[in-house]
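Coordinate analysis (summary)
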Protein chains: 2
Amino acid sequence: MESVHVFAPATVANVVCGFDILGFAVEAPGDEVVMRVTSKPGIIISKITGDNGRLPLNPEKNTVSVSVRHYLQSVGRNDLGLDIELHKKMPIGSGLGSSSASTVAGLFAAKTLLGDTRDAAELLPFAIEGERMACGHGHADNVAPALMGGFVLVRSYEPLEVIRLPFPKDLYCAIIFPEVDVPTREARQIIRNKVALKDAVTQWGNIAGLMSGLYTNDIDLMGRSMQDVLIEPVRAMLIPDFYKMREIAMDNGAVSFGISGSGPSVFAFTKDANTAHKITQNIQQHLADIKIASQTYVSGINGVGPKILGQH
Amino acid sequence: MESVHVFAPATVANVVCGFDILGFAVEAPGDEVVMRVTSKPGIIISKITGDNGRLPLNPEKNTVSVSVRHYLQSVGRNDLGLDIELHKKMPIGSGLGSSSASTVAGLFAAKTLLGDTRDAAELLPFAIEGERMACGHGHADNVAPALMGGFVLVRSYEPLEVIRLPFPKDLYCAIIFPEVDVPTREARQIIRNKVALKDAVTQWGNIAGLMSGLYTNDIDLMGRSMQDVLIEPVRAMLIPDFYKMREIAMDNGAVSFGISGSGPSVFAFTKDANTAHKITQNIQQHLADIKIASQTYVSGINGVGPKILGQH
């Protein structure tokens, strides 16, 4: 094989009550990477589309090439020459795991070119290196579901342990990205370093409830459990009309509503695609009324993760 | 039916990482209540055994009669006359849910005498009233498993929502009660009101991991997840040679080790009864060497909760 074309999905991290430990992958949007073996050793990024010039072509500074280089080093293939095209098909800085989708597409492409048959989950340490570069924090709650598909629990970082979780097959996700700027670093910095123990207890009761709902296909229990008393009240301030969007979502039949990652994207869970479409339409209309452009997506949960779109 | 004799089990609350939200019931020890219908309205406590005179016979001050009275009021049967004998068959102030076992035995006896066929779980609000009186804090993580059996998650207090969890059938519990005094109120008061967010994240990753282990019968995952970075480091100071006891437990094949409730009892999970016996014997010997008497118990998980020992 000399070239491969890979898609990797957007992801929703935190999932309201699971700050830094939970995430899931969606079917769309996502990013694509076309990777070719070249005769000259080293990694180059020959093209990036869809980024409005915001991402670096310099392979030392791009998360895709940096994580792929870590991977090649680990398998002793620094001798390989790779040409990477990155096609951004989802918004940057949206809170939907944009850098993770690119990184995972790159790593999965490299793994495929090398004929490496390991479980994609084993690429996680290299993807985390990419995240560390993109956000200044080597978190795994976007890259793990992007790599592994479905819902993923990051139980522990030291040692790293991630767990695939089951999820209800009739669960749908409505995503709205209001086109305002909420940089990940800043969204993380405004969070308090200390929290009240009683709030932490409320939070871990909800996390345990969400886990129970996932394991028992109880979407209503998932909804009751998806409350965040710690992070959301702070981050919601950075998101336009957050509580109004929640009201619209819940009034239109959402099971739950919250911030995706560090925002500004928000998401709702529903029990069918029609309800999800109604929610995205109504929230998009509300945002348009207050002069905020938005992009919306309706998707089932992506149980697969990255996929090969073509190879030669 | 004029009289009933009921057993209710001891319970292990917190389960290391699930402070205030998780608990499970054991097969032994536990408390017993004998309850008789009398001709004179009102509740009396005619006898308490096994308490060394520490518990009040005054029905206004005893958690058993207080919770039973709340229950009778709720079903409109204040007219009933009840005579209660309480037989303590487990140590008081041990961190094994002693007051909960008594309260649940009393409530289950009253429910049985009234022919009330509701699920025992519906008695939980009355049992919580008993806990509020016993510990100054209306927590549910002992009474819920004592009433419902097995592992129980207290997802939320307002509104109250408890969830029965599955558990591995080959899980055993070794319990050691070092006979030193750790009052529940004080054990709660030394806990810090504020915790570091990063520690809370570690904790809820572990809680989610423990939930995953329970749902997938993965005892090793349960063990890896049963780490408490928040409460144990503080409460361990009140327990003699806590870290030495952990070392003995782990060296003898324990899957996990921690404080039961607010202590001083400690417990270990094992995959068989023999390992649990070896652990209790070795820890009891170590405590004897440092002149501390102890009581030990080995038990499977009690999936049933309270049970009727006799009725007339």
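Values in this document were obtained by computation on a predicted structure and should not be read as measured data. (Residues numbered from 1 in each chain as written. Chains lettered and ligands numbered in written order. Predicted model: local features only at pLDDT ≥ 70, side-chain atom pairs only at ≥ 80, totals over all residues. Heavy atoms only, no water.)

A word on the domain arrangement of chain A
Residue and element names in this part refer to chain A. For clarity, the cut-off: Where each domain begins and ends follows an automated or database-derived domain assignment. Any two residues having at least one pair of non-hydrogen atoms within 4.5 Å are treated as being in contact. In short, buried area is how much 1.4 Å probe accessible area vanishes from two parts on joining, totalled over both. Every case where a carboxyl oxygen of Asp or Glu lies within 4 Å of a side-chain nitrogen of Lys or Arg is listed as a salt bridge. The term polar contact refers here to a pair of N or O atoms within 3.5 Å; inside protein, the definition further demands a hydrogen-donor-capable atom paired with an acceptor-capable atom, and it admits residues adjacent in sequence only when both atoms are side-chain atoms. For helices the rule is a DSSP run of H or I covering at least 4 residues; for strands it is a run of E covering at least 2, with both sets numbered from the N terminus onward. Any residue outside Ala, Val, Leu, Ile, Met, Phe, Trp, Tyr, Cys, Pro, Asp, Glu, Lys and Arg is labelled polar, Gly included; the first ten of those are nonpolar and the last four are charged.
Domain assignment breaks chain A into domain 1 (3-166 + 303-311) and domain 2 (172-300). One C-alpha centre belongs to domain 1, the other to domain 2; they are set 24 Å apart. Listed by partner, the interface residues are 33 residues for domain 1 and 37 residues for domain 2. A buried area of about 2600 Å², summed over both sides, lies between domain 1 and domain 2, and 67% of it is on carbon and sulfur atoms. The largest share of the area that domain 1 buries against domain 2 comes from Val16, Cys17 and Phe19, three residues that together contribute 25% of it. Counting every contact that joins domain 1 to domain 2 gives zero salt bridges. At the boundary of domain 1 with domain 2, the tally comes to seven residue pairs in polar contact (both at pLDDT 80 or more). Taken together, the elements giving at least two residues each to the side of domain 1 that touches domain 2 come down to strand E1 (3-13), strand E2 (22-38), helix H3 (124-135), strand E5 (151-157) and strand E6 (160-165). Counting residues per element, the side of domain 1 that touches domain 2 draws most heavily on E2, at seven residues. Residue classes in the side of domain 1 that touches domain 2 are distributed as 22 nonpolar, eight polar and three charged.

Here's the deal with the UniProt feature "binding site: ATP" (unreviewed entry) in chain A
All names here are of chain A. Heads up, the condition is: UniProt positions are given in the numbering used here, feature names are shortened, and annotations may be inferred rather than shown by experiment.
Mapped onto the present numbering, the UniProt feature "binding site: ATP" (unreviewed entry) falls on Pro91, Ile92, Gly93, Ser94, Gly95, Leu96, Gly97, Ser98, Ser99, Ser100 and Ala101. By secondary structure assignment, the location of Gly93 is in the loop between strand E4 (81-87) and helix H2 (98-113). As for its placement among the helices and strands, Leu96 is situated in the loop between E4 and H2. If we ignore the near neighbours within four places in the chain, the residues touching Leu96 are Ala10, Thr11, Val12, Met90, Asn142, Ile175, Ser260, Ser265 and Tyr297.

Observations concerning the interface of chain B and chain A
To be explicit about the condition: Note on pairing: DSSP must find at least two bridges between two strands before they are called paired.
The interface of chain B with chain A comprises 36 residues on the first partner and 36 residues on the second. Approximately 2700 Å² of surface area, both sides summed, lies buried where chain B meets chain A, with 70% of it carried by carbon and sulfur atoms. Taken as a group, Arg155(B), Leu197(B) and Trp204(B) account for 28% of the area that chain B buries against chain A, more than any other trio of residues on that side. On inspection of chain B and its partner chain A, the count reaches two salt bridges. Between Arg224(B) and Glu161(A) there is a salt bridge, and its shortest N-O distance comes to 2.7 Å. Of all the elements in the fold, those that place two or more residues in the side of chain B that touches chain A are strand E5 (151-157), strand E6 (160-165), strand E8 (194-196), helix H6 (197-216) and helix H7 (219-225) of chain B. A total of 14 residues in the side of chain B that touches chain A trace back to one element, the largest contributor, which is H6(B). Considering only residue class, the side of chain B that touches chain A consists of 20 nonpolar, 10 polar and six charged. Bridge analysis of strand E8 (residues 194-196) of chain A against E8(B) gives three bridges, and the strand direction is antiparallel.

As for the sheet that holds strand E11 (residues 294-300) of chain A
Residue and element names in this part refer to chain A. Stated precisely, the cut-off is as follows: Note on method: axes are straight lines fitted to C-alpha atoms, helices fitted across the in-contact stretch only, with angles between N-to-C directions ranging 0 to 180 degrees.
Pairing in this open sheet of four strands is antiparallel, and the strands run E9-E10-E7-E11 from one edge to the other. Single-partner strands in this sheet number two, and they are strand E9 (256-259) and E11. Across this sheet, the average inter-strand angle for adjacent strands is 15°, counted without regard to direction. Bridge count between strand E7 (residues 172-178) and E11: seven bridges; the pairing is antiparallel. Each bridged residue has a counterpart across the sheet, and for Ile176 the counterpart in E11 is Thr296. Against the sheet, helix H9 (residues 242-251) engages E7, E9 and strand E10 (266-270), with an angle of about 155° to E9.

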